[in-house]
Amino acid sequence: MNKDAAPLCTAHDTWWKAPMAATLPGLPLLVWEFGSFSANGYTSGMEIVIVGALILLAAAWLLPRRRSMRVLRTLAAGSALGIAFLPIAYLLLLVLTMAYG
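A few points on the structure. (Residues numbered from 1 in each chain as written. Predicted model: local features only at pLDDT ≥ 70, side-chain atom pairs only at ≥ 80, totals over all residues. Heavy atoms only, no water.)

1. Observations concerning the side chain of T23
So, point 1. Along the chain, T23 turns up in helix 1 (residues 17-37).
So, point 2. Taking the relative accessible area as the measure of exposure, T23 reaches 15% and is therefore buried.
So, point 3. In this structure the side chain of T23 is engaged in a polar contact, spanning 2.9 Å, whose partner is the side chain of W61.
So, point 4. Apart from residues no more than four positions distant in its own chain, T23 is found in contact with P28, L57 and W61. (Helix = DSSP H or I, 4+ residues; strand = E, 2+ residues; numbered from the N terminus. Buried < 20%, exposed > 50% of the residue type's maximum accessible area, 1.4 Å probe, protein only. Polar contact = N/O pair within 3.5 Å; in protein donor to acceptor, adjacent residues only side chain to side chain. Contact = heavy atoms within 4.5 Å.)

2. Looking at the packing of helix 1 against helix 3 (residues 70-100)
So, point 1. Running from amino to carboxyl end, helix 1 crosses helix 3 at an angle of 35°, the nearest separation of the two axes being 9 Å. For helix 1 against helix 3, the interelement crossing comes out left-handed. Listed contacts from helix 3 to A18, P19, A21, A22, P25, G26, L29, L30, W32, E33 and F37 of helix 1 are R73, T74, A77, L81, A84, F85, P87 and I88.
So, point 2. Here the residues of the contact of helix 1 with helix 3 sort into 15 nonpolar, two polar and two charged. (Axes fitted to C-alpha atoms, helices over the stretch in contact; angles between N-to-C directions. Left-handed = near helix turned anticlockwise from the far one by under 90°. Nonpolar A, V, L, I, M, F, W, Y, C, P; charged D, E, K, R; others polar.)

3. Overview of the packing of aromatic side chains
So, point 1. Across all of its chains, the model carries one aromatic pair by this definition.
So, point 2. When the ring of W15 is compared with that of W61, the centres are 5.8 Å apart and the planes differ by 85°; the resulting orientation is edge-to-face. Residue W15 is found in the segment before helix 1, and its partner W61 is found in helix 2 (residues 45-62); the two are separated by 46 residues along the sequence.
So, point 3. Taking the relative accessible area as the measure of exposure, W15 reaches 16% and is therefore buried.
So, point 4. Between R65 and the ring centre of W15, over which it is positioned, the NZ or CZ distance is 4.0 Å. (Phe/Tyr/Trp six-rings, centres within 6.5 Å; stacked < 30°, edge-to-face > 60°. Lys NZ or Arg CZ within 6 Å of the ring centre and 35° of its normal.)

4. Some thoughts on the nonpolar core
So, point 1. Counting six residues, the largest nonpolar core is built from A22, L57, A60, A76, A77 and A80.
So, point 2. For this core, the elements supplying multiple residues, two or more each, are helix 2 and helix 3.
So, point 3. The greatest single-element share of this core, amounting to three residues, is contributed by helix 3.
So, point 4. L29, I50, A53 and A84 belong to the second largest nonpolar core, which has five residues in total. (Core = buried A, V, L, I, M, F, W, Y, C linked by side-chain atoms within 4.5 Å.)

Below you can see the structure in the form of structure tokens.
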């Protein structure tokens, strides 16, 4: 057995960068969207998507801090950020359609 080989469960020193990059812009946006979409008193499809994005963001923070989880952590954080920007992108698309349509 090679003693110079790195162990499989090496700690990842910068594990926090992907979740932090998604949390800083995404969490305030998700909280605002959740407050906006849940104001009418019934559960809408968009509210379910926003809760799913919050779960993905929490999963990005709670995954084990191993180097082998780097891709999964980045995918969870990126998906949460993408889902957070979907309602804003849809709103901008509607505004542009109504302005130039």
